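# An overview of the molecular structure
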Amino acid sequence: MKLSFTRRGLLAGSTAALVTPSILRAQPAEIAIGSLTPNTGGGGPFGPNITASHKRVVDAVNASGGVLDQQIRLFQENSETNPETAVRAADKLINVNQVLGIIGTWSSSVTLGIMPKCQSANVIQMCTSSSADIPVADKKGLVFNFQPLSPIWGRAIANLAKGRGIEKYAMMALNNDFTRSMMDGFIEVVGKDALVQEPFYYNAGQSSYRSEVTQLISQNPEAVFIPSYVADFTAVYKEIFRQGYEGTVITTSLSTGNQFKDAVGAAADGVIHGFPVPAINSPAYKEYLGEAGLEDTGSVQHPFGTAGRDQMSTLLLAIEKAGSTDRAAIAKAVWDVTTGEGKETVYNVADGLAALRAGKEINYSGASGSTEFDEEGMVLGRDFQLSEIKDGKDVVLERLEF
Amino acid sequence: MSAYLISMGTYIGFFMILALALNLQWGITGMVNFGVAGFYALGAYASGLLTTKLGVPVGLAIPAACLVGMLVGGCVALLSMRLREDFLAIVTLGVGEVIRLIVLNEDRITEGPRGLRIEAQPFRDFVSAENYPLFYLFFVAVFVCLTFFVCERIRKSPMGRTLRAIREDDVVAGVLGKNVLRHRIQIFAVGTFFMGLAGALYAHYTQNISPEVFLPMVAMFIWMSVIVGGAGNNRGILIGAGAVMVFLEGTRFIGDFVDILDAEKMSALRIIMIGLLLIVTLRIRPRGLLPETKFQFKPN
């Protein structure tokens, strides 16, 4: 087939190209917000819940008249949990869709990767990332993290493990910023003397982890701690089981979801795992379950979906509080609507907007837990839960409440 | 929108340099290089580390990154001198991964998985923040032109004919007295020189690089650019790089108009559409959008 270009075709194409931007941009009576979530890749198990939460909040607010008498236009993009793709997606959100905030990033490398572009365009970021570099790289006070930094995870898991009387550990971690920092936090609490050998790192996507596991259990430690993600932990755990290790295996709950349990079956029993969890007794969490169509099982569901609800709710409340779409004013207003005492506590965006319009000061308490932020925009605290897999189900061993 | 087009133009520039370099190695000489992402990373980290850790001016760091790319590329070509086609493909794929894993694990030097933040940008003090993206687009465009000029000169020169002869049958080229080994090493090193250049330009543009940026998928995009554009034709390569970026980015806009699919399904559909566009393009133009022209003997 011969490909030919005609002047008429060129004219039609050029006209389409010139007209398109006006369609893609949010219209004057709309406030544009970008959602950049990990719908595929390493964060694939969590991204869709975050995306759905963002959309539910926006739909509810738009149905009741919007914010500042303007509708919210949500532009959703998939980061693919890859910073290279995410930077280009952020470019589109910032320059074409002209969003005032990009929320929902999960991987630290994605959050940090898009940060230079967001900072130069004064775009607010809301994430559930854990790198300790995030507050350092944020020069303009535009970044809000809805998840504790990973050293805090490490310290919390270590405290809970110590409380169970475990004294000697061996450790290996997936080689990324999240897990490495978590390992550092763990060692801070248990102390170097509690380690039977030097901790080490492994790379994701290996076809076999036999030599790593052999090294890990060579001193027959009482427990092994393996900060990881579900794909690599599943392969590592199969090797641990194959080599007949009888001690305690400790990891993060991110690694022990249904994907892991389905893959290893009954062999999953006995694995101990922990992570920051929503306050499951809070009214906001109960409301979230209803919104997401989930039954209240008493156990933690959608830990990142709840954070997605809180990100969007916080941002919309801050816009209403700021009274304008000025990004610096909105960023400042985030603290106003989430942090501080003596204010009216609200658990959803509708009540928050009503209270703000009535001239009240509010403190939004989220489905993922408290959304109080320190001066660097990092969430101040989260409940933390240690569970054990028994008969293929998570049984809560202990819970630290914030 | 113009800021977005400027940004995408800059990314297309990186793709063009990488694709021209790969075309030199594979399209013209027939040397399969699946390690494009590794050499891209090498240039990015060489320039980034020189400026951030050693305080080397960016004007020196970028050429140094090119030289690092060339040296490593030359060594790889030398070590794999007896390998051809699929064997060379495996070696280069391995080299690319080795480079990425070194960057990932030598965190005392490279910052490892935390990623490297790079402040330095070329001519940053002379251009306002507002105009800098446009300036950088022109800056990259200059290097695209230079790369194109060098690649085109090589293609048209007597050396270019030798390279094509090596591509078609290196034994015949050797029998005719051509130094096949020397040509292969030279051209592989020149190609990796330009890959290092693309990496350095990318690093100073995004100002934040991490090993996750340089996954083998990047190499696949560059291979797609060469195949879609027309292997062996440098002009076609420029079109191919642009077309692949249009496929990658253009499909993003569908989600802004289609509300019936949620974001998860939309992102999966997007990947399928990119594949379909490639298949359709190659079905219509099997030798690429602008195929290599056959040289004909024209007696005076």
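Because the structure is a prediction, the values reported are computed rather than measured. (Residues numbered from 1 in each chain as written. Chains lettered and ligands numbered in written order. Predicted model: local features only at pLDDT ≥ 70, side-chain atom pairs only at ≥ 80, totals over all residues.)

The number of helices and strands found in chain A is 14 helices and 15 strands. The C-alpha atoms of chain A give 23 Å as radius of gyration, which agrees with the globular expectation for 402 residues (21 Å, within 12%). Each principal axis of the C-alpha distribution contributes one length, and for chain A these read about 70 × 70 × 40 Å. Evaluated residue by residue, chain A yields a buried proportion of 56% over its 402 residues. A separation threshold of at least 6 residues defines the contact pool for chain A, and within that pool the share at least 24 residues apart is 68%. (Helix = DSSP H or I, 4+ residues; strand = E, 2+ residues; numbered from the N terminus. Rg over C-alpha atoms; globule rule 2.2 N^0.38 Å. Buried ≥ 20, exposed ≤ 12 C-beta atoms within 10 Å, placed from the backbone. Contact = placed C-beta atoms within 7 Å.)

Right, let's get into the domain arrangement of chain A. Residues and elements named next belong to chain A. Each domain of chain A was delimited in the assignment, giving domain 1 (11–145 + 287–367) and domain 2 (150–278 + 383–400). Facing 11 residues of domain 1, the contacting portion of domain 2 comprises 14 residues. Residue classes in the side of domain 1 that touches domain 2 are distributed as five nonpolar, six polar and no charged. (Domains from an automatic or database assignment. Nonpolar A, V, L, I, M, F, W, Y, C, P; charged D, E, K, R; others polar.)

Residue and element names in this part refer to chain A. Strand order in the open sheet formed by five strands is E2-E1-E3-E4-E5, with parallel pairing between adjacent strands. The open sheet has two free edges, formed respectively by strand E2 (71–78) and strand E5 (143–145), since each of these has just one partner strand. In this sheet, adjacent strand axes meet at a mean angle of 20° when their direction is disregarded. Alignment of strand E3 (residues 101–105) against strand E4 (residues 124–127), held across four bridges, turns out to be parallel. Paired with Ile 103 across the strands is Met 126, a residue of E4. Helix-sheet contacts for helix H2 (residues 47–63) involve strand E1 (30–37), E2 and E3, and the interaxial angle to E2 is about 170°. Of the strands in this sheet, E3 and E4 are in contact with helix H4 (residues 108–120), which crosses E3 at around 175°. (Pairing = 2+ DSSP bridges. Axes fitted to C-alpha atoms, helices over the stretch in contact; angles between N-to-C directions.)

Where burial is concerned, most of E2 of chain A is hidden: seven out of the eight residues are buried. Chirality of the crossover, the property in question, places the unit of E1 of chain A, H2 of chain A and E2 of chain A among those that are right-handed. (Right-handed = clockwise from strand over helix to strand, strands pointing away.)

So, about the nonpolar core. Ala 90 and Val 224 of chain A are the most contacted members of the largest nonpolar core, which totals 118 residues. The element that contributes the greatest number of residues to this core is helix H12 (residues 303–322) of chain A, accounting for nine residues. Contact partners of Val 224 of chain A, with chain neighbours within four places excluded, come to Tyr 169, Ala 170, Met 171, Leu 216, Ile 217, Gly 247, Val 249 and Ile 250 of chain A. Phe 15, Leu 24, Leu 116 and Ala 198 of chain B belong to the second largest nonpolar core, which has 95 residues in total. (Core = buried A, V, L, I, M, F, W, Y, C linked by C-beta atoms within 7 Å.)

All names here are of chain A. Structurally, Arg 210 is set in helix H8 (residues 210–216). Overall, the presence of 13 C-beta atoms within 10 Å leaves Arg 210 in the partly exposed class. Arg 210 sits 163 residues away from Phe 373 along the chain, and the two C-alpha atoms are 43 Å apart.

This next bit is on the sheet that holds strand E10 (residues 272–277) of chain A. Residues and elements named next belong to chain A. Taking strand neighbours across the sheet as the criterion, the seven strands line up as E7-E6-E8-E9-E10-E14-E15 in an open arrangement whose pairing is mixed. Where the open sheet ends on each side, the last strands, each with one partner, are strand E7 (200–202) and strand E15 (393–400). Between one strand and the next, the sheet's axes are offset by a mean angle of 25°, whatever the strand orientation. In this structure, strand E8 (residues 223–226) lies alongside strand E9 (residues 248–252), joined through four bridges in parallel fashion. Pairing of Phe 225 across the sheet is with Ile 250, part of E9.

A separate point is the packing of helix H1 (residues 2–28) of chain B against helix H10 (residues 216–229) of chain B. Each pair of packed helices gets described by two things: the angle between the helix axes and the distance between those axes. Residue and element names in this part refer to chain B. For the pair H1 and H10, interaxial distance at closest approach is 9 Å and the crossing angle is 70°. The pairing of H1 with H10 is recorded here as roughly perpendicular in orientation. Relative to H10, the crossing made by H1 is right-handed. Within the contact between the two elements, H1 uses Phe 15, Leu 18, Ala 19, Leu 22, Asn 23, Trp 26 and Gly 27 and H10 uses Phe 221, Ile 222, Ser 225, Val 226 and Gly 229. Across the contact of H1 with H10, the residue classes tally to eight nonpolar, four polar and no charged. (Parallel < 35°, antiparallel > 145°, perpendicular 65-115°, else oblique. Left-handed = near helix turned anticlockwise from the far one by under 90°.)

Moving on, we come to the interface of chain A and chain B. Taken together, the contact between chain A and chain B spans 37 residues of the former and 30 residues of the latter. In terms of residue count, the dominant contributor to the side of chain A that touches chain B is helix H3 (residues 83–95) of chain A (eight residues). Here the residues of the side of chain A that touches chain B are counted per class, giving 14 nonpolar, 15 polar and eight charged.

With that settled, the discussion passes to the confidence of the model for chain B. Across chain B, pLDDT averages 90, with 96% of residues at or above 70. Here the predicted complex scores 0.84 on pTM and 0.81 on ipTM. (pLDDT = per-residue confidence, 0-100.)

This part covers the environment of Val 142 of chain B. With respect to the helices, strands and loops of the structure, Val 142 of chain B is situated in helix H6 (residues 132–156). Between the C-alpha atom of Val 142 of chain B and that of Gly 9 of chain B, which follows or precedes it by 133 residues, the distance is 13 Å.

Residue and element names in this part refer to chain A. Among the six residues that make up strand E6 (residues 169–174), six are buried, leaving the element largely enclosed by the rest of the structure. In this structure, E6 lies alongside E8, joined through three bridges in parallel fashion. Across the sheet, residue Ala 170 finds its bridge partner in E8, namely Val 224. Pairing between E6 and E7: three bridges, direction parallel. The residue of E7 that forms the bridge with Ala 173 is Tyr 201.

Residues spaced three or four apart along an α-helix face the same direction, because each turn holds 3.6 residues. Residues and elements named next belong to chain A. Taken as a whole, helix H14 (residues 349–357) has its buried residues at Val 349, Gly 352, Leu 353, Ala 355 and Leu 356. Angular distribution of buried residues about the axis of H14 spans 165°; they occupy a single face of the element. Following H14 by one or two positions, Gly 359 adopts a phi angle in the positive range, close to 85°. (Arc of directions from axis to C-beta.)

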